[in-house]
Amino acid sequence: MKENREGIIRLEEISGTIMEDVLEFIYTGTVEVTQENAEDLIAAGNYLIIPSLKTISGRFLEREMSNSNCISTFYFAEKYECDELVTNSRCFIHENIVTVAKLDEFLHLEAKEIEKWISSDEITVTDEADVFIIILDWINHRKSERKAALEELFGHVRLGFLSRDCLEDVATNELVRENFACMKLVMDATIQMATLVNEDDFLQSPRRCLDKRVIVARGGKYTFCYLSKGGLWKRLPDGLKDTNSLKLIKFRDQLLTSTNCQISERYDSIFNVWSELNLSIDSAKLAVLKGEIYAVEVEIYGSRKTVTKRYNVKQCVWETIHTYHEQCRQDACVIAAGRHLYSFGGRIPRSSNYVVIAERFDTVENKWERIADMLEGRSDAFGVASQEKIFVAGGKNSTGRLKACEMYNTLTNEWQLIANLNVPRCYGSMVCLNGKLYVLGGENQFRDNRELRVECFDPANDQWIHETTIPVTNIDPENNNTFTGSVLKLSKELLDKLTIVE
């Protein structure tokens, strides 16, 4: 080798000045890092395999990082395998993506790099629409040559988490309208919004910064929300009426309260206020399916019959869509899933005969059909649909309140038992949040009657565990109202303003 013949090793990749800094670091463990030498020191540290030199120089670049240079800093760190700087510059870009995406460094990236950034769960946006705007800004920077990339990039906009109004704006955008694949994604998202009851069933998950769904619990006038990730309860505005035996229904990003005879109040999360709503119903079980409210009424006087109705929002009237006289049952559990309303259990009117009958109503064909019987007869049970399964828990029969839980598979038409609740209860609520099942509210078998403990299902160990307790007694020790629950998406701005209840 030339070095052996001459007795000299030449490091042509490293300048003499930088080599002096490297030697100083090797001998003293310190070096003066400046804007002029930081990148050269990292390159030298990488070439000479001196990780600590790369780390020290990388931390200097991190301190100098800004919206205008974070992109180049990230790709430089990647090139020279500065792991710490890669991680920290990536986090900086994620946190400032909306601003960074408008600057030259980002706008000059190739489509494959844009795709990497916008596909991340970690980017911080105020709304999913920000991601669509980032794509448009990048394309419009060189529209003629970049518009062909829209289809690939558009697939990373999580359309199911846009508001309906925003989705309409996306659909009318010129670039989207001209692209068949993009329009199909918009149509699929529209159908998804209408047909899926639970956001956990969406094909895409929300960005971490936008996943602000909470469990809302209301009993009487008191309303709380539970942040499962932090284990915190916060207080929402009191309702208008101190009414017991309420049920909460999620409808178009709002909550409605229902009693046996009317839908009486509406909570608007945008304005954070309850308002009066007088929508009469007659002893009906309510469910929301495909963006519409359905009511299953059981008439027990005179000619017994079950009447299925759908609410016409535009005309503000209930429309009867089906009436039948067979298998008339009171206090059944009604759950929406797919295109069906499911009715489980109940009891024969004016009797103590609790039944295992299960039926479902096809909202397309407007007909009820019998499905596999439940494993245990019960009335006043509660449940939730998740994926292709429906979970039903609690309720009561001739022996009292129940702990028993069972799961129905909508694909196989089969039931199976799952773990019992820790606390027997009826009139409760079951919700699904971030793939987890929670049971809250209702009445127990004890003297106090109302139940405040919240249970969470652990599928790995097939058991219900105590998660938390609704903190109403910290506000009003004498309150004895029965609580009910639902899942609702609240804005970060609103959640930050709410008071924590210990």
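Conventions and cut-offs
- Residues numbered from 1 in each chain as written.
- Predicted model: local features only at pLDDT ≥ 70, side-chain atom pairs only at ≥ 80, totals over all residues.
- Heavy atoms only, no water.
- Salt bridge = Lys/Arg side-chain N within 4 Å of Asp/Glu carboxyl O.
- Helix = DSSP H or I, 4+ residues; strand = E, 2+ residues; numbered from the N terminus.
- Buried < 20%, exposed > 50% of the residue type's maximum accessible area, 1.4 Å probe, protein only.
- Core = buried A, V, L, I, M, F, W, Y, C linked by side-chain atoms within 4.5 Å.
- Contact = heavy atoms within 4.5 Å.
- Axes fitted to C-alpha atoms, helices over the stretch in contact; angles between N-to-C directions.
- Parallel < 35°, antiparallel > 145°, perpendicular 65-115°, else oblique.
- Left-handed = near helix turned anticlockwise from the far one by under 90°.
- Nonpolar A, V, L, I, M, F, W, Y, C, P; charged D, E, K, R; others polar.
- Phe/Tyr/Trp six-rings, centres within 6.5 Å; stacked < 30°, edge-to-face > 60°.
- Lys NZ or Arg CZ within 6 Å of the ring centre and 35° of its normal.
- Expected span 1.5 Å × (residues − 1).
- Pairing = 2+ DSSP bridges.

Identification of the protein as BACK domain-containing protein from Pocillopora damicornis is taken from an unreviewed UniProt entry.

Novice: Would you mind going over the pattern of salt bridges with me for this structure?
Specialist: According to the stated counting rule, one finds 25 salt bridges in the structure shown. Taking the shortest distance from any N to any O, the salt bridge between Arg 425 and Glu 455 comes out at 3.2 Å. Of this pair, Arg 425 sits in the loop between strand S21 (414-418) and strand S22 (429-433) while Glu 455 sits in strand S24 (residues 453-458); the two residues are 30 residues apart in sequence, bridging distant segments of the chain. The buried category is assigned to Arg 425, whose relative accessible area is 0%. One salt bridge connects Asp 496 with Lys 492, and the closest N-O pair in it is separated by 2.9 Å. Taken as a pair, Asp 496 and Lys 492 lie in helix H16 (residues 492-497) at a separation of four residues, close to a single helical turn. Three or more residues are tied together by salt bridges with common partners; here these are Arg 339, Asp 362, Glu 365 and Lys 367.

Novice: Help me understand the nonpolar core in this model?
Specialist: Nonpolar side chains in soluble globular proteins tend to be buried together. Core analysis: the biggest nonpolar cluster contains 62 residues, and Ile 71, Ile 97, Phe 106, Trp 117, Phe 154, Leu 159 and Val 186 have the highest contact counts within it. Per element, the largest residue contribution to this core is eight residues, and it comes from helix H10 (residues 129-141). Apart from residues no more than four positions distant in its own chain, Val 186 is found in contact with Phe 154, Leu 159, Leu 167, Val 170, Ala 171 and Val 176. Ile 215, Ala 217, Tyr 226 and Val 431 belong to the second largest nonpolar core, which has 18 residues in total.

Novice: Explain the packing of helix H4 (residues 51-63) against helix H6 (residues 83-95) here, please?
Specialist: The geometry of a pair of packed helices is captured by two quantities: the angle between their axes and the separation between those axes. Relative orientation of the contacting elements H4 and H6 amounts to 20°, with a least axis distance of 8 Å. Considering the angle they form, H4 stands roughly parallel to H6. Like other packed secondary-structure pairs, H4 and H6 cross with a definite hand, here right-handed. Where H4 approaches H6, its residues Thr 55, Gly 58, Arg 59, Leu 61 and Glu 62 are matched on the opposing element by Glu 84, Leu 85 and Asn 88. Of the residues that constitute the contact of H4 with H6, the class distribution is two nonpolar, three polar and three charged.

Novice: What's the story with the packing of aromatic side chains in this structure? I'm lost.
Specialist: Within a pair of aromatic rings, the relevant descriptors are the distance that separates the centres and the angle that separates the planes. Here the structure, examined in full by the defined rule, presents 17 aromatic pairs. With 4.9 Å between their ring centres and 55° between their planes, Phe 76 and Tyr 80 make a pair best called tilted. Summarising the burial analysis for this pair, Phe 76 and Tyr 80 share the class buried. Grouped by ring-pair contacts, the aromatic residues Phe 224, Tyr 226, Trp 233 and Phe 483 constitute a single cluster. The ring of Trp 274 carries Arg 218 above its face, with NZ or CZ at 4.5 Å from the centroid.

Novice: Teacher, can you tell me more about unusual backbone geometry here?
Specialist: Negative phi characterises most residues that are not glycine, and trans characterises most peptide bonds. Even without being a glycine, Arg 350 presents a positive backbone phi close to 55°. Note that Arg 350 resides in the loop between strand S13 (340-344) and strand S14 (358-362). The phi torsion at Tyr 427 lies on the positive side, around 60°, for a residue other than glycine. Relative to the assigned elements, Tyr 427 resides in the loop between S21 and S22. Residue class for Tyr 427 comes out partly exposed when judged on its relative accessible area of 28%.

Novice: Teacher, can you tell me more about the side chain of Asp 380 here?
Specialist: With respect to the secondary-structure elements, Asp 380 resides in the loop between strand S15 (367-371) and strand S16 (382-386). Judged by its relative accessible area of 5%, Asp 380 is buried. In this structure Asp 380 touches Lys 285, Asp 331, Gly 395, Lys 396, Cys 426 and Tyr 427, once residues within four positions along its chain are discounted.

Novice: Explain H10 here, please?
Specialist: Every α-helix winds through 3.6 residues per turn, so residues three or four apart in the chain are directed the same way. Given a rise of 1.5 Å per residue, 13 residues ought to cover 18 Å, and the 19 Å separating the end C-alpha atoms of H10 matches this to within 8%. Burial in H10 covers these residues: Ala 129, Asp 130, Val 131, Phe 132, Ile 134, Ile 135, Leu 136, Trp 138 and Ile 139.

Novice: Where do I start with the pairing of strand S20 (residues 405-409) in this structure?
Specialist: Side-chain positions along a regular strand alternate between the two faces of the sheet. For S20, a buried count of five out of five residues is recorded, marking the element as mostly surrounded by other parts of the structure. What you see with S20 is no split at all: Cys 405, Met 407 and Asn 409 on one side and Glu 406 and Tyr 408 on the other are buried throughout. Direction of pairing for S20 relative to S21: antiparallel, over a ladder of five bridges. Across the sheet, the residue bridging to Glu 406 is Leu 417, located in S21.

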